[in-house]
Amino acid sequence: MRTRLLGFIATVVLAALGAMGPAAQAAVPAVGGPACVAGGGTVEYDSGAGLWICVNGSYDGESIN
């Protein structure tokens, strides 16, 4: 009985965390590549983070969508 209850609770918690992942990603503000270049920056790949980011200019350090 306890094993089933713990398994059910773990399933519910993991499902809730899985549903929150895309919402957290969508909440991160991202700038487009053309806006980065227009703001005086360049678009570069950050291999450490695995993301394209804007370097220098108005949007320095922001993620590119």
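Residues numbered from 1 in each chain as written. Predicted model: local features only at pLDDT ≥ 70, side-chain atom pairs only at ≥ 80, totals over all residues. Heavy atoms only, no water.

**Student:** Could you clarify how one ought to interpret the overall build of the chain in this entry?
**Tutor:** In terms of regular secondary structure, the chain is built from two helices and two strands. Considering only residue pairs separated by 6 or more positions, the chain has 24% of its internal contacts joining residues 24 or more positions apart. Summing over all exposed atoms, the chain offers an accessible surface of approximately 4,900 Å²; the carbon and sulfur share of this is 65%. (Helix = DSSP H or I, 4+ residues; strand = E, 2+ residues; numbered from the N terminus. Contact = heavy atoms within 4.5 Å. Areas by Shrake-Rupley, 256 points an atom, 1.4 Å probe, with all protein chains shown as cover.)

**Student:** Just to check I follow, could you spell out the environment of alanine 38 for this structure?
**Tutor:** Looking at the secondary structure, you find alanine 38 in helix 2 (residues 33-38). Counting along the chain gives 19 residues from alanine 38 to glycine 57, while the straight-line C-alpha distance between them is 8.5 Å.

**Student:** I would appreciate a short explanation of the pairing of strand 1 (residues 42-46) in the present structure.
**Tutor:** Side-chain positions along a regular strand alternate between the two faces of the sheet. Bridging between strand 1 and strand 2 (residues 51-55) involves five bridges; their strand directions are antiparallel. Each bridged residue has a counterpart across the sheet, and for valine 43 the counterpart in strand 2 is cysteine 54. In this antiparallel pair of consecutive strands, strand 1 and strand 2, the connection spans four residues, and glycine 50 shows a positive phi of 75 degrees. (Pairing = 2+ DSSP bridges.)

**Student:** Help me out: how do you make sense of a nonpolar patch on the surface in this one?
**Tutor:** On the surface, Leu5, Phe8, Ile9, Val12 and Val13 cluster together into a nonpolar patch covering about 470 Å² of accessible area. Position of isoleucine 9 relative to the elements: it lies in helix 1 (residues 2-27). (Patch = residues over 30% accessible without salt bridge, like charges linked within 9 Å, V, L, I, M, F, W, Y side chains within 5 Å. Salt bridge = Lys/Arg side-chain N within 4 Å of Asp/Glu carboxyl O.)

**Student:** Looking at this structure, how should I read the state of the cysteines?
**Tutor:** In a disulfide, the sulfur atoms of two cysteines are held together by a covalent bond. In this structure the tally under the stated criterion is one disulfide. Here cysteine 36 connects covalently by a disulfide to cysteine 54, the sulfurs 2.0 Å from one another. Classification of the bridge connecting cysteine 36 and cysteine 54 rests on its S-S torsion, roughly 85 degrees, and on that basis the disulfide is right-handed. With cysteine 36 in helix 2 and cysteine 54 in strand 2, this pair connects stretches of sequence that are 18 residues apart. (Disulfide = S-S within 2.5 Å.)

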